[in-house]
Amino acid sequence: MAALSFMEVRYAYPGTSQPALDGVTLDVEPGELVLIVGESGCGKSTLLRAALGLVPHFHGGELAGRVTVDGLDTRDHRPGELARHAGLVFQDPEAQLVAQRVRHEVAFGLESIAHPPATIAARAQEALMAAGASHLTERDTGTLSGGEGQRIAIASVLAMGQPLLLLDEPTSQLDPVAAEELLALVTRINRDRGVTVVLAEHRTGRLFAEADRVVVMDAGRISFDGAPPAAARHLAGGGRWMLPPVAQAFAAAGREELPLTVRDARRELGDVRSSPPPLAVAHGAAPVVSVEKAHLRRGDAEALRGASAGFDAGTVTAVLGENGAGKSSLALVAARLLELDRGRVRGSTRAGYVSQNPAHHLLRETVEDEVAYGLVRSGVPAPERAVRTAAELERFGLAAFADRHPRDLSSGERQRLAVASVTVMRPDLLLLDEPTRGMDGLRKLALGELAMALASEGTAVALITHDIDFAAEAAQAVTTMAHGRVLADRAPRSELAGGLFFSGQVALATGHVSVAEAADALQAGTEATRV
Amino acid sequence: MSSLVLILAVGCVVLGVAGVERGPNRSKELALIAALAAAAAGGRVLFAFVPNVQPVTIIVAVTGATLGPRAGIAVGGSAALLSNAFLGQGPWTPWQMIGWGLVGATAGMLPRLLRNRFALAAFGIAWGFLFDWLMDVWAWSALGQNADATSFLAFVSTGIPFDVAHATGNVVIALIAGPTLIRMLDRYARRLHASFSPMEGTT
Amino acid sequence: MKPLGVMLVCSALLVAAVAVDNPILLGSIAVCALALLLAGPGSKRAYLVFAGTSALLVFLINPFVSVQGLTPIWNGPHIPLLDTEITQEELAFGASAALRIFASALTVAAFVRIADGDLVLNGVSRVAPRSAMIVALAARLLPTLERDAAGIALAARARGATASGRRSAADLVSPLVSLSLERSLGLAEAMEARGYGGGRRTREPGPPADGPERVMTASGVALCLLTAWLLLFGGANYVFYDLLGDPVTAAAIGGSAAFAALTAVAIGAVRWPR
Ligand SMILES: Nc1ncnc2c1ncn2[C@@H]1O[C@H](COP(=O)(O)OP(=O)(O)OP(=O)(O)O)[C@@H](O)[C@H]1O
Ligand SMILES: Nc1ncnc2c1ncn2[C@@H]1O[C@H](COP(=O)(O)OP(=O)(O)OP(=O)(O)O)[C@@H](O)[C@H]1O
Ligand SMILES: [Mg+2]
Ligand SMILES: [Mg+2]
């Protein structure tokens, strides 16, 4: 019997006419590791919700066809029962933890399914150990980092002992190190414990090769379902951005063979061993804004300890560093939204900051009001305001949504709106804090182009990001941070080919920074030369 | 006197809790009430340094008016309990729970009226005073045999500047945010009851 | 610490603080409450400030609103509604009312500081599962929404809103509520995904009570008995008006000593290294 099976499933959310699932047929066998990829809004989350009966019991709407989990039809069994057979881990750790203490969090599911009280504590502890999180038992869930939070979410599912684990973009909020660790944990659970895993993800880098099967979704349908190499060949044409970056480079170069991992790519290219590139630091003339020897305490943490960095006009600078390195703090200081304890900020006072959580930007009831808000607050007269707002909506492709409620937009549109609401003020420096969270590859490319377009108009653009493959595509300079200090200020982008963790997959495999550069080199037949 | 007042307060809280217990036990309702209470409490803590802007009263009133008295009581009571975890828990906590619980309950009885923003503002003024007076009851009751109308007036008059500020804060929030909040919660109340149906045109 | 013992100790002190009249007993209860609070973990400044100011207010108001006592010490100008003749009895009564307020505020604070909030909630969930779940969820969401509130304020400031001022603050209320609605849906979905609403629930019993917790419970029971004895047999009585009575009675002295001793045991249990 299949662990999970969809038979001709069609589903529409309440009040929508366009079905989110439009004839999905899929069988997942026990013990498989299945990766689901597809454009944002194609129905990945809906599919996973349907597997647990949340669609339709929690969300309502119209359903046709049959979904069975362990042989149980989700129409007849509510999520409360299905939770004994399958567990779901969501994208945002902060949104899915229900209890205050980690210990209670892991016990919550067991309590809900009326597990015998005497053994709850023991099972919870065992699950925490299996998820590599037993040291967190007594912590408050509010104090966990993103990676720790996701581990607890997985432990909570493991504790219930379900044979099927569903994960909806579990790494999209994590830094590269934490994401790697989490995916390693998931593959280990699958290999060592025989838990069936179905995982939806945009950053497919590592998982693509490890999966037993890759399912490609498109507008509510399954357009491909097969082994990773075949899936890679299927995607090489139209859906290249769903591939791991190395495979993207090979596909862009029109090569037949599509290596999915750095190791395979190097094997393909012969023995290419990248040597560290020279450290050339090319600062621009006077930076638009410079932060000098900044010290800042936030709460109990020393967020900045002597950080110095500048942002050059006409340049896209990527700011990289692990969780808690102080990247957001640096940006807030540069935008003069936080006062420094020591040190100073020089240069333009016209900086725009788009926060890490785009939901924080949505203050008004219509898209148009949202863009105009900053102009209203800074006292721009009405006629000029209207012109500037209209122009900005046009430029960000939001004109059609002018009267919509911002919260009714898709995540990609919301992100664009948040950027538009800041660029309308014509800042000299635009700071985008983690703009690619949960974005699909296509939208990331568009955002990268937008950043470069703004830079070519003379704005200094800073991209604070965990997504190194994105930085490799969009940035011209790289600033790296750790422990509240700046390690390298505006290093040339070739740095991204030399580091260990701060190197994209393409760079590790070929020695070139971006997909396009690597593809050119591959096409020219020149053996990947090191930068 | 103080004993009587203590018993009365505990009784009111127990009554409110009993009312909430008789409500539905669905995850959506519980999470919604919890989130509104957390928003009210979070706003109270955040705005603690903006003099006398108390988002709690209006948020609770709007909840009562749109989701009913039970939800109003639950949001009011838990917002008081939670925000005091930061601002200081004490014998005044039950009084604040009762005060905001009553705000929610009375708002729940005036659902039509409070959809008008000026009515909501007037409601905010009234409760701005009533709420603060209720807070005085506790200290007043400690006067024992001296706890009479005169001494209550004395307590109330020392607090008038605060009452006025609290009421003004309510008016500002009611006028600026009230209509939006009502629309938002109305839209949301409709989503609470999910039901699914078979899709047409298929077997 | 498990809440049962702490609750017994604190409710005995609270009832005593509210119902006892004898000033010596009141004073010793206030000292006990203060000592107990100070023995607990965490910051206590806010509680002390709040309890102190409330007590002061009551002390200052009483002489002006009461018209009793036969021993005047000051006679002020005539003001309507107020009684500006201050008597020794009124001062004494005001002081004991202030002690009452002070002691009851600190007792509640001590409970909050010493008892483990999670376990309190767990206990409440036995009798009131929905309310306990609401409070637990709200407590879980509070830091998130506080961060959201701060984030929204920051984002508004980044777009030219001023940092303070009522209008700006009011502008932030509806985005905050709107975000909380969204968060609530996500949380509810996560709860259902983990089996909530599937029928009967069980509860993790938690570890059994350890030594200090048992000591705490014992001292709590003793304090409850002591309070009951004082109240039932008149040991706590005292007259302020028209002339102050003699506070030094055998019951008052003995009762105070017993309060101090039993509270010292409770404090020992709180501070016992575990
Ligand atoms: N609660 C909802 N109510 C109405 N429509 C919804 C709801 N959730 C999703 N949709 C719509 O259903 C479609 C499928 O959404 P879904 O969230 O499954 O996509 P996804 O592939 O997970 O996207 P992403 O990669 O952005 O997470 C989209 O058009 C989306 O707008
Ligand atoms: N509002 C706050 N209150 C208290 N401490 C904070 C606050 N914001 C950040 N910190 C702390 O300051 C330090 C730096 O945080 P910052 O947000 O700048 O890091 P970051 O590099 O942006 O991390 P991330 O990648 O997780 O966004 C961290 O230790 C963090 O815990
Ligand atoms: Mg999704
Ligand atoms: Mg950050």
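Here, every reference points to the structure presented above.
Computed from a prediction, not measured in an experiment: that's the story for all the values here. (Residues numbered from 1 in each chain as written. Chains lettered and ligands numbered in written order. Predicted model: local features only at pLDDT ≥ 70, side-chain atom pairs only at ≥ 80, totals over all residues. Heavy atoms only, no water.)

Our next topic: the overall build of chain A. Across its full length, chain A carries 20 helices and 19 strands. Taking 531 residues into account, the globule formula puts the C-alpha radius of gyration at 24 Å, and chain A, at 24 Å, falls close to it. Expressed as lengths along the three principal axes of its C-alpha atoms, the size of chain A is roughly 65 × 60 × 45 Å. Buried residues in chain A amount to 60% of all 531 residues. Here the contacts in chain A between residues at least 6 apart in sequence split such that 67% fall between residues at least 24 apart. Accessible surface, chain A: about 19900 Å² in total, of which carbon and sulfur atoms supply 49%. (Helix = DSSP H or I, 4+ residues; strand = E, 2+ residues; numbered from the N terminus. Rg over C-alpha atoms; globule rule 2.2 N^0.38 Å. Buried < 20%, exposed > 50% of the residue type's maximum accessible area, 1.4 Å probe, protein only. Contact = heavy atoms within 4.5 Å. Areas by Shrake-Rupley, 256 points an atom, 1.4 Å probe, with all protein chains shown as cover.)

Turning our eyes to something else, we now look at a nonpolar patch on the surface. A grouping of Met109(B), Leu110(B) and Leu113(B) is seen on the molecular surface, where their side chains present a nonpolar patch of about 300 Å² in accessible area. A relative accessible area of 48% places Leu113(B) in the partly exposed class. (Patch = residues over 30% accessible without salt bridge, like charges linked within 9 Å, V, L, I, M, F, W, Y side chains within 5 Å. Salt bridge = Lys/Arg side-chain N within 4 Å of Asp/Glu carboxyl O.)

Further remarks concern the site of ligand 1. Residues and elements named next belong to chain A. Around ligand 1 sit 13 residues, and of these Ser-40, Gly-41, Ser-45, Thr-46 and His-202 come closest. Between an oxygen atom of ligand 1 and a side-chain N or O atom of Glu-169, the distance comes to 3.1 Å. The residue makeup of the shell around ligand 1, split by class, is three nonpolar, six polar and four charged. (Near = heavy atom within 4 Å. Polar contact = N/O pair within 3.5 Å; in protein donor to acceptor, adjacent residues only side chain to side chain. Nonpolar A, V, L, I, M, F, W, Y, C, P; charged D, E, K, R; others polar.)

Turning our eyes to something else, we now look at the sheet that holds strand β6 (residues 86–89) of chain A. All names here are of chain A. The mixed open sheet is built from six strands, whose spatial order is β6-β7-β8-β3-β9-β10. Only two strands of the sheet have a single neighbouring strand rather than two, namely β6 and β10 (221–226). Taken over all neighbouring pairs, the strand axes of this sheet differ in orientation by 15° on average, direction set aside. Direction of pairing for strand β7 (residues 164–168) relative to strand β8 (residues 196–200): parallel, over a ladder of five bridges. Bridge pairing links Leu-165 to Val-197 in β8. (Pairing = 2+ DSSP bridges. Axes fitted to C-alpha atoms, helices over the stretch in contact; angles between N-to-C directions.)

The subject of this paragraph is the sheet that holds strand β12 (residues 301–311) of chain A. Residues and elements named next belong to chain A. Spatially, three strands are ordered β12-β11-β14 in an open sheet, and the strand pairing comes out antiparallel. The sheet terminates laterally at β12 and β14 (342–347), the two strands that pair on one side only. The mean inter-strand angle of the sheet, taken between neighbouring strand axes irrespective of direction, is 20°. Here eight bridges tie strand β11 (residues 289–298) to β12, and the two strands are oriented antiparallel to one another. Within β12, the residue paired with Arg-298 across the bridge is Ala-301.

Turning next to the side chain of Arg388(A). Within the element layout of this structure, Arg388(A) appears in helix α15 (residues 382–395). For Arg388(A), the contacting residues outside a window of four places in its chain are Leu375(A), Val380(A), Val424(A), Met425(A) and Arg426(A).

How big an interface is tends to be stated in terms of accessible area lost as the parts join. In this assembly, 48 residues from chain C lie in contact with 55 residues from chain A. Buried surface at the junction of chain C and chain A, both sides included, amounts to about 4700 Å², of which 52% is carbon and sulfur. Between chain C and chain A we count eight salt bridges in total. Glu182(C) is the salt-bridge partner of Arg414(A), the closest N and O atoms lying 3.6 Å from each other. Breaking the side of chain C that touches chain A down by element, the ones donating at least two residues are α6 (129–158) and α7 (166–193) of chain C. (Buried area = accessible area lost by both parts, 1.4 Å probe.)

Bringing the interface of chain B and chain C into the picture now. Contact with chain B, which involves 69 residues of that partner, is made by 62 residues of chain C. The contact between chain B and chain C buries some 5600 Å² in all, and 77% of this surface belongs to carbon and sulfur atoms. The tally of links from chain B across to chain C stands at five residue pairs in polar contact (both at pLDDT 80 or more). With 17 residues, helix α2 (residues 27–46) of chain B is the largest single contributor of residues to the side of chain B that touches chain C.

Further remarks concern the packing of helix α3 (residues 55–67) of chain B against helix α5 (residues 92–109) of chain B. All names here are of chain B. At a minimum axis distance of 7 Å, the contact between α3 and α5 shows a crossing angle of 35°. Here α3 runs over α5; the crossing is right-handed. Facing α3, whose interface residues are Val-56, Thr-57, Val-60, Ala-61, Gly-64 and Ala-65, α5 presents Trp-100, Val-103, Gly-104, Ala-107 and Gly-108. (Left-handed = near helix turned anticlockwise from the far one by under 90°.)

With that out of the way, let us pick up unusual backbone geometry. Residues and elements named next belong to chain A. Pro-56 follows Val-55 through a cis peptide bond whose omega is 10°. Its location among the elements puts Pro-56 in helix α2 (residues 54–57). Residues other than glycine seldom take positive phi values, yet His-483 does so here, at roughly 50°. Take His-483: it is sitting in the loop between β18 (477–482) and β19 (485–492).

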